[in-house]
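One letter stands for each residue in the lines below.
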Amino acid sequence: MAKSESRPGPVSPDPWTPILAELLDGLGTAARATGVDAERGVLESLLDLEGGPQGDVALPVHRLAASSRRAAPTLASDIARAWVPSPSIESVSADGAFVNFRVSTVRLATETLSRIAARGERYGGQDGPGPKAIIEHTSANPTGPLHVGRVRNGIIGDTAARVARAMGESVTTQYYVDDLGRQAAMITWIWSKPRDQWPTEIATASAEPPPPARDDVRYGRPYPFVSAYLKDHPEARADLAQLVQAIEEGHGPPLHRELAEKILAGMLATLARINIRFDTFVWESSLLTDGSVDEVLRRLNGLPSSITEANGARALDLARYGLPKESSRVVYQRGDGTSLYVTRDIAYHLKKMRAAERVVDVLGQDHRLHARTLDAFFGELGEEHRPTFIIYQDILAHGGGRMSTRGGSAVWLDELLDDAVRRARREVLDRWEGIEPAEVDRIAEAVGTGAVRFHILRIAPEKPVAFDWEQALSFEGRSGPFVQYSYARAGSILRKSQMSEFYEGYDPSLYTSDSEKALVRVLARLPRVLRGVLRTSHVQNVAGYAHDLADEFNRFYHAVPVLSSGAERTSRLALVAAAHQTLGNVLDLMGIERLERM
RNA sequence: GGGCGCGUGGCCCAGCCUGGAUAGGGCACCGGGUUCCUAACCCGGCGGUCGAGGGUUCAAAUCCCUCCGCGCCCGCCA
């Protein structure tokens, strides 16, 4: 029987919650009736919410059968037979060792549409206040324009941040700017000389780019050649070492910070094209000036396990944290007393861990050992709170191999975006006569950048990928534009309906076709998908869901008429409105522009 | 050499954490669909036993072991 539990407090944002509760009630009763006394939690953990070929929810009874010494198929049919009819569950049947439940579309549609109507932009997520989270991503050194290999980091991090925010967390995104190392110093080194005094190798190789060039392109230009030049010019290396030291001691030339800021601004402009922006920037040098590095050094030096090396350098042996033997002894303070990258990174993370309950770093696989080292340090320092690392593999150059600026295998992100936008522009012009020029620009930019962002997002971070120009620029099938297109299609129907309120007077019992039933089911799935993404950081599933939803909406679109339908018109419009809202929410989560027309 | 990650139809991927019913998509290819809400779409077809081998289990793409291939890391660099 239906238990109309009086649940105080807000209703669950997940339409499945009340239905599952009812299903579990019934299941407990049916199981007991057949002599199986399983706890509700056990039954819940056994349920397969993806359903199966026979229904919406499946229960494999093997384990229950084993513990009650029954034959699985017999138990399955016994449970199905003992099932007491319940309003949310349309049918229960046994098939082999499985009990299959078909959920009432009317019930599911009611729960789902009422939530979409009530929550609107917030459908799919949860209400706060959740924990405070700091998500650090991208953090590329300000040495020149971003290439495609680096942007995977930003797309993963930005999407994770959007999802966390939707799930009620109070999120701050951070970019850690490395202004202390040799890399940034090389740029200062070369630009502090008048151009006519540059070594000829560098000057000829890095000719001034044409005027409209942004600062990241312009000031980053000589960087790879400086790097090459230093290899066989020891006197320049000595020069640079002095500069690095001066910067670390806080009296580097003002030009240093200026250049870093200019180049960074250029990089950020590129990221903004794919809707990646940051709440805060933490400059590595600030950790030296605000004393946090000193504090870390004091704490580490006070550890009984701290080792002093021959020349006075200090290290920790972290072998007991499972670090490989060859890299378990980690120096954290140089012989001259200065700090190292790890030390500053420890300081940075301690700071983040004090400010937030959840600290997430998005790191390339070359930082895997570094992440483990940090974790070991925190163990040694007795820190209980630890960061979460999302590790991703590089996007390799076309034939394989890392993207290299000097080798010419790097694909600049701006170049890729420009190409995508050009292609999108052709498509728009082909399909839409008489469109305003400004409108073409706007749509082409949204479609092109959306395609690129989706293309990178859809692949699991840990998967190595080789960059493929053709695939990155695809606008069909599993792509960003496909999702945008579906959103626009839905919007177009709503517009033509001339209505403004879609969730009044609809009747879910009219959703009788397969495509309507299927659409209701995908819509209902979003809250569960987002909980999974938050838990596992599998951001690719946002793209996967977006495609499933778009796919199902298009099937519905072709299968049943909306505006020209009779009695079903109002109800179908409600479904279209729900799909439109949900597609839009998912586009937001992916950082892809919503387009009302395309 | 050691550590970590990846290996699913011709190509690109999801599923692996928390093992369950004939392994899901997309691209490409073949055949259809537009007097009708946007054909960046839809319908149908072809095609894989999940790198190889062993193990655990009633049940393995999923867990464990060995091997092979590819990538990354193993600095008083960042």
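Residues numbered from 1 in each chain as written. Chains lettered and ligands numbered in written order. Predicted model: local features only at pLDDT ≥ 70, side-chain atom pairs only at ≥ 80, totals over all residues. Heavy atoms only, no water.

When helices and strands are tallied, chain A shows 23 helices and 13 strands. Seen through its C-alpha atoms, chain A measures out along the principal axes to roughly 85 × 70 × 45 Å. Within chain A, the fraction of its 598 residues that count as buried is 53%. Residue pairs at least 24 apart in sequence account for 74% of intrachain contacts in chain A once pairs closer than 6 positions are excluded. Accessible surface, chain A: about 26,500 Å² in total, of which carbon and sulfur atoms supply 51%. (Helix = DSSP H or I, 4+ residues; strand = E, 2+ residues; numbered from the N terminus. Buried < 20%, exposed > 50% of the residue type's maximum accessible area, 1.4 Å probe, protein only. Contact = heavy atoms within 4.5 Å. Areas by Shrake-Rupley, 256 points an atom, 1.4 Å probe, with all protein chains shown as cover.)

Around RNA strand B, a shell composed of 74 residues is seen, among which Arg431, Lys463, Tyr485, Arg489 and Arg535 lie nearest. When the atoms of RNA strand B within 4 Å of the protein are grouped by moiety, sugar and phosphate amount to 62% of the total. Between a phosphate oxygen of RNA strand B and a main-chain N or O atom of Gly477, the distance comes to 3.1 Å. Asn541 is positioned with one of its side-chain polar atoms (N or O) 3.4 Å from a phosphate oxygen of RNA strand B. Split into classes, the residues belonging to the surface near RNA strand B amount to 26 nonpolar, 21 polar and 27 charged. (Near = heavy atom within 4 Å. Polar contact = N/O pair within 3.5 Å; in protein donor to acceptor, adjacent residues only side chain to side chain. Nonpolar A, V, L, I, M, F, W, Y, C, P; charged D, E, K, R; others polar.)

This part is about the domain arrangement of chain A. Domain boundaries assigned for chain A yield domain 1 (16-103), domain 2 (137-392) and domain 3 (414-590). Here the C-alpha centre of domain 3 lies 35 Å away from the C-alpha centre of domain 1. Of the roughly 460 Å² buried between domain 1 and domain 3 on both sides combined, carbon and sulfur atoms contribute 35%. Here domain 1 is connected to domain 3 by two salt bridges. Arg521 serves as the salt-bridge partner of Asp56, at 2.6 Å between the closest nitrogen and oxygen. Connecting domain 1 to domain 3 are three residue pairs in polar contact (both at pLDDT 80 or more). A breakdown of the residues in the side of domain 1 that touches domain 3 according to their chemical character gives three nonpolar, no polar and two charged. (Domains from an automatic or database assignment. Buried area = accessible area lost by both parts, 1.4 Å probe. Salt bridge = Lys/Arg side-chain N within 4 Å of Asp/Glu carboxyl O.)

Now for the sheet that holds strand β4 (residues 132-136). With parallel pairing, the five strands of this open sheet are ordered in space as β6-β5-β4-β10-β11. If you trace the sheet from one side to the other, it starts and ends with β6 (280-283) and β11 (388-392), each paired once. This sheet shows a mean twist of 25° between the axes of neighbouring strands, independent of strand direction. Taken together, the five bridges between strand β10 (residues 358-364) and β11 define a ladder with parallel strand orientation. When the sheet's bridge partners are listed, Val360 is paired in β11 with Thr388. Here helix α15 (residues 341-355) sits on the sheet and contacts β4, β5 (170-177), β6 and β10; the angle it forms with β4, its principal contact strand, is near 150°. (Pairing = 2+ DSSP bridges. Axes fitted to C-alpha atoms, helices over the stretch in contact; angles between N-to-C directions.)

Attention now moves to a positive patch on the surface. A surface patch of like charges, here positive, comprises Arg182, Lys231, Arg237 and Arg406. By the secondary structure assignment, Arg237 is in helix α11 (residues 234-248). Its relative accessible area of 34% is what places Arg237 among the partly exposed residues. (Patch = residues over 30% accessible without salt bridge, like charges linked within 9 Å, V, L, I, M, F, W, Y side chains within 5 Å. Lys, Arg positive; Asp, Glu negative; His and termini not counted. Charge placed at Lys NZ, Arg CZ, Asp CG, Glu CD.)

Quick look at the pattern of salt bridges now. Considering all chains together, one arrives at 43 salt bridges under this definition. Between Arg358 and Glu169 there is a salt bridge, and its shortest N-O distance comes to 3.0 Å. Here Arg358, found in strand β10, pairs with Glu169, found in the loop between α6 (148-166) and β5; they are 189 residues apart in sequence, far enough to count as distant. We classify Glu169 as buried; its relative accessible area is 8%. Here Arg257 and Glu261 are joined by a salt bridge, their closest N and O atoms 2.8 Å apart. You can see Arg257 and its partner Glu261 sitting in helix α12 (residues 254-273), four residues apart, about one turn around the helix. Among the residues examined, Glu261 registers a relative accessible area of 39% and is labelled partly exposed. Overlapping salt bridges bring together Arg214, Asp216, Arg273, Asp414, Asp418 and Glu445 as one network.

Time to look at the sheet that holds strand β3 (residues 98-103). Read across the open sheet, the three strands follow the order β1-β3-β2; overall the sheet is antiparallel. Lying at the two open borders of the sheet, with one neighbouring strand each, are β1 (57-60) and β2 (89-95). Between one strand axis and the next, the sheet turns by 15° as a mean value, whatever way the strands run. Of the strand pairs in this sheet, β2 and β3 are connected by six bridges, and their pairing is antiparallel. Considered in β3, the bridge of Ile89 is made with Val103.

End to end, helix α5 (residues 105-119) covers 20 Å across 15 residues, agreeing with the expected 21 Å (1.5 Å per residue, within 8%). Every buried residue of α5 is listed here: Thr105, Leu108, Ala109, Glu111, Thr112, Leu113, Arg115, Ile116 and Arg119. Lining the buried residues of α5 we find α1 (16-33), β2, β3, α21 (514-536) and α23 (569-590). With a side-chain oxygen lying 3.3 Å from the backbone nitrogen of Val106, the N-terminal cap of α5 falls on Ser104. (Expected span 1.5 Å × (residues − 1).)

Bringing the nonpolar core into the picture now. Leu27, Leu59, Val61, Phe101, Trp189 and Met590 are the most contacted members of the largest nonpolar core, which totals 141 residues. Contacts of Phe101, omitting those with residues within four sequence positions, involve Leu23, Leu27, Gly55, Asp56, Val57, Leu59, Trp83, Ile89, Ser91 and Val92. Among the nonpolar cores identified, the runner-up in size contains 27 residues, and Leu297, Ala347, Met353 and Phe377 belong to it. (Core = buried A, V, L, I, M, F, W, Y, C linked by side-chain atoms within 4.5 Å.)

The next point concerns the environment of Gly144. By secondary structure assignment, the location of Gly144 is in the loop between β4 and α6. For the pair Gly144 and Leu264, spaced 120 residues apart in the sequence, the C-alpha separation amounts to 8.0 Å. For Gly144, the residues in contact, after removing those within four places along its chain, are Asp216, Gly220, Ile263 and Met267.

With that settled, the discussion passes to the packing of aromatic side chains. Scanning all chains against the criterion turns up 12 aromatic pairs. Ring centres of Trp191 and Tyr219 lie 4.9 Å apart, and the angle between their planes is 75°; on these two criteria the pair is classed as edge-to-face. Placement of the pair is Trp191 in helix α7 (residues 182-191) and Tyr219 in helix α9 (residues 215-220), with a sequence separation of 28 residues. We classify Trp191 as buried; its relative accessible area is 18%. Centroid distance Phe467 to Trp469: 5.5 Å. Interplanar angle 85°. Geometry classified as edge-to-face. Owing to a relative accessible area of 26%, Trp469 belongs among the partly exposed residues under this scheme. Ring pairs connect the aromatic residues Tyr175, Phe278 and Phe281, which therefore count as one cluster. Sitting over the ring of Trp283, Arg257 keeps its end group 3.7 Å from the ring centre. (Phe/Tyr/Trp six-rings, centres within 6.5 Å; stacked < 30°, edge-to-face > 60°. Lys NZ or Arg CZ within 6 Å of the ring centre and 35° of its normal.)

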